Amino acid sequence: MSVLIDKFDVFAGGFWLTLQICVLAAVGALILGAVLAVLRISPVPPLRALGTSYVNIFRNMPLTVVMFFAAFGLPALGSNADFLRIPGLDAVFSRLDTDLPYFRFALVALVLYTAAFVCEALRSGVNAVPAGQAEAARSLGLTFGQNLRHVVLPQSWKASVVPLGSVIIAMIKNSALVGFFGVVGDLSATADQLTGAEGYAFVPVAIGISIGYLIMTVPLGALLDRIEKRQAVAR
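This is a predicted model, so every value here is computed, not measured. (Residues numbered from 1 in each chain as written. Predicted model: local features only at pLDDT ≥ 70, side-chain atom pairs only at ≥ 80, totals over all residues. Heavy atoms only, no water.)

**Considerations on the overall build of the chain**
A tally of regular secondary structure across the chain gives ten helices and zero strands. Listing every helix and strand of the chain by position from the N terminus yields α-α-α-α-α-α-α-α-α-α. Looking at the chain as a whole, 41% of its 235 residues qualify as buried. Partitioning the intrachain contacts of the chain with sequence separation of at least 6 by distance along the chain shows that 77% fall at a separation of at least 24. Accessible surface, the chain: about 12700 Å² in total, of which carbon and sulfur atoms supply 66%. (Helix = DSSP H or I, 4+ residues; strand = E, 2+ residues; numbered from the N terminus. Buried < 20%, exposed > 50% of the residue type's maximum accessible area, 1.4 Å probe, protein only. Contact = heavy atoms within 4.5 Å. Areas by Shrake-Rupley, 256 points an atom, 1.4 Å probe, with all protein chains shown as cover.)

So this is what it looks like as structure tokens:
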């Protein structure tokens, strides 16, 4: 078990990189998932079909397949991930100690995959809002967008928080795959480095990696339990 102390800096570096990936992927998935949820409940049939098709495809596709196409398919569309460069995020990426462009490919895969589940979590919250609320808003002359922004979404948020939290926890655990698709330095890649290249025993390394993921997921799970209990009391 001395590896946990001797290689603490390696574990800490892997934890920090994994945390960066999870935070950025969570933000991206929440934004894309919200857009997809709006498409899913849109009164325009083609938009509903687009949102439904996206969710059905990515929700029923293994993450390893999505990650594979992101890591080995996206490079064929442009060298050095130039097509993924977003001016507002370049400053953020430039400060991250990562192995580009695979860091971006991993983010794309996690965002595309997780957004489908975020969409369904948000849609379940929308469905929890009584239909009379939306009908009353329409009778007052509110447009679809105004209805969502002022009536439906503020009420659906409370019902969506716990499912959304569960989706984010699942995404954090899913991020363990990124180290096997080119991202250097995250927790899963750290395990491979310590056990394969440096010859440390697998069990203590696995314990260290597990502690890193538990640090990210257990507090979030405790927060969700507290929110759920408060909502139950409020009802």
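**Overview of the pattern of salt bridges**
Note on pairing: side chains with opposite charge can pair once their charged atoms come close. This model, assessed by the stated rule, comprises three salt bridges. The residue Glu120 makes a salt bridge to Arg123 at a minimum N-O spacing of 2.9 Å. Residue Glu120 and its partner Arg123 are located together in helix α6 (residues 102–128), separated by three residues, close to a single helical turn. Overall, Arg123 belongs to the partly exposed group, its relative accessible area being 25%. One network of salt bridges, in which partners are shared, links Arg40, Arg59, Glu120 and Arg123. (Salt bridge = Lys/Arg side-chain N within 4 Å of Asp/Glu carboxyl O.)

**Description of the environment of Phe103**
Tracing the sequence through the fold places Phe103 in helix α6. We classify Phe103 as buried; its relative accessible area is 0%. Residues Phe103 and Leu17, 86 residues apart in the sequence, show an inter-C-alpha distance of 9.7 Å.

**Considerations on the packing of helix α2 (residues 8–40) against helix α9 (residues 187–197)**
Contact geometry of α2 with α9 gives a least axis separation of 8 Å together with a crossing angle of 150 degrees. Considering their axes alone, α2 and α9 lie roughly antiparallel with respect to each other. For the pair α2 and α9, contact is made by Val10, Phe11, Gly14, Phe15 and Thr18 and by Leu187, Thr190, Gln193 and Leu194, respectively. Residues belonging to the contact of α2 with α9 are distributed by class as follows: five nonpolar, four polar and no charged. (Axes fitted to C-alpha atoms, helices over the stretch in contact; angles between N-to-C directions. Parallel < 35°, antiparallel > 145°, perpendicular 65-115°, else oblique. Nonpolar A, V, L, I, M, F, W, Y, C, P; charged D, E, K, R; others polar.)

**Re the packing of aromatic side chains**
Counted by the stated rule, this structure contains four aromatic pairs. For the pair Phe68 and Phe69, a centre-to-centre distance of 6.0 Å together with 85 degrees between the ring planes defines the contact as edge-to-face. The class for Phe68 is partly exposed, based on a relative accessible area of 43%. Judged by its relative accessible area of 54%, Phe69 falls in the exposed class. (Phe/Tyr/Trp six-rings, centres within 6.5 Å; stacked < 30°, edge-to-face > 60°.)

**A word on a nonpolar patch on the surface**
On the surface, Phe202, Val203, Ile207, Ile211 and Ile215 cluster together into a nonpolar patch covering about 470 Å² of accessible area. Inspection of the secondary structure assignment puts Ile211 in helix α10 (residues 202–234). By relative accessible area, Ile211 is classed as partly exposed at 40%. (Patch = residues over 30% accessible without salt bridge, like charges linked within 9 Å, V, L, I, M, F, W, Y side chains within 5 Å.)

**Points about the nonpolar core**
Residues Ile21, Met67, Leu110, Met171, Ile172, Val178 and Ile209 are the most contacted members of the largest nonpolar core, which totals 50 residues. For this core, the secondary-structure elements that each account for two or more residues are α2, α3 (45–59), α4 (63–72), α6, α8 (144–174), α9 and α10. The biggest single contributor to this core is α6, with 14 residues. Look past the residues within four positions of Ile21 in its chain and what remains in contact with it is Phe103, Leu107, Leu110, Val178 and Val183. Val126, Ala134, Leu148 and Val152 belong to the second largest nonpolar core, which has five residues in total. (Core = buried A, V, L, I, M, F, W, Y, C linked by side-chain atoms within 4.5 Å.)

**Focus on the layout of surface pockets**
For the second largest pocket, the calculated volume is near 260 Å³. Every residue along the wall of the second largest pocket is listed here: Ile41, Val126, Asn127, Val129, Pro130, Ala131, Ala134, Arg138, Phe144, Asn147, Leu148 and Val152. Residue classes in the lining of the second largest pocket are distributed as nine nonpolar, two polar and one charged. (1 Å grid on protein atoms, 1.4 Å probe; cavity = no way out; pocket = protein on both sides within 12 Å on 5 of 7 lines; lining within 4 Å. Points joined across faces, edges and corners; volume = space filled by probe spheres on them.)

**Details of the confidence of the model for the chain**
Residues shown with low pLDDT carry predicted positions that ought not to be read at fine detail. The pLDDT averaged across the chain works out to 81; a share of 86% of its residues lies at or above 70. Here helix α5 (residues 87–94) stands out as the least confident element of the chain, with mean pLDDT 50; α3 is the most confident, with 92. Taken as a whole, residues 95–99 scores under 50 in pLDDT and shows nine contacts with residues more than four places along the chain or in a different chain. (pLDDT = per-residue confidence, 0-100.)

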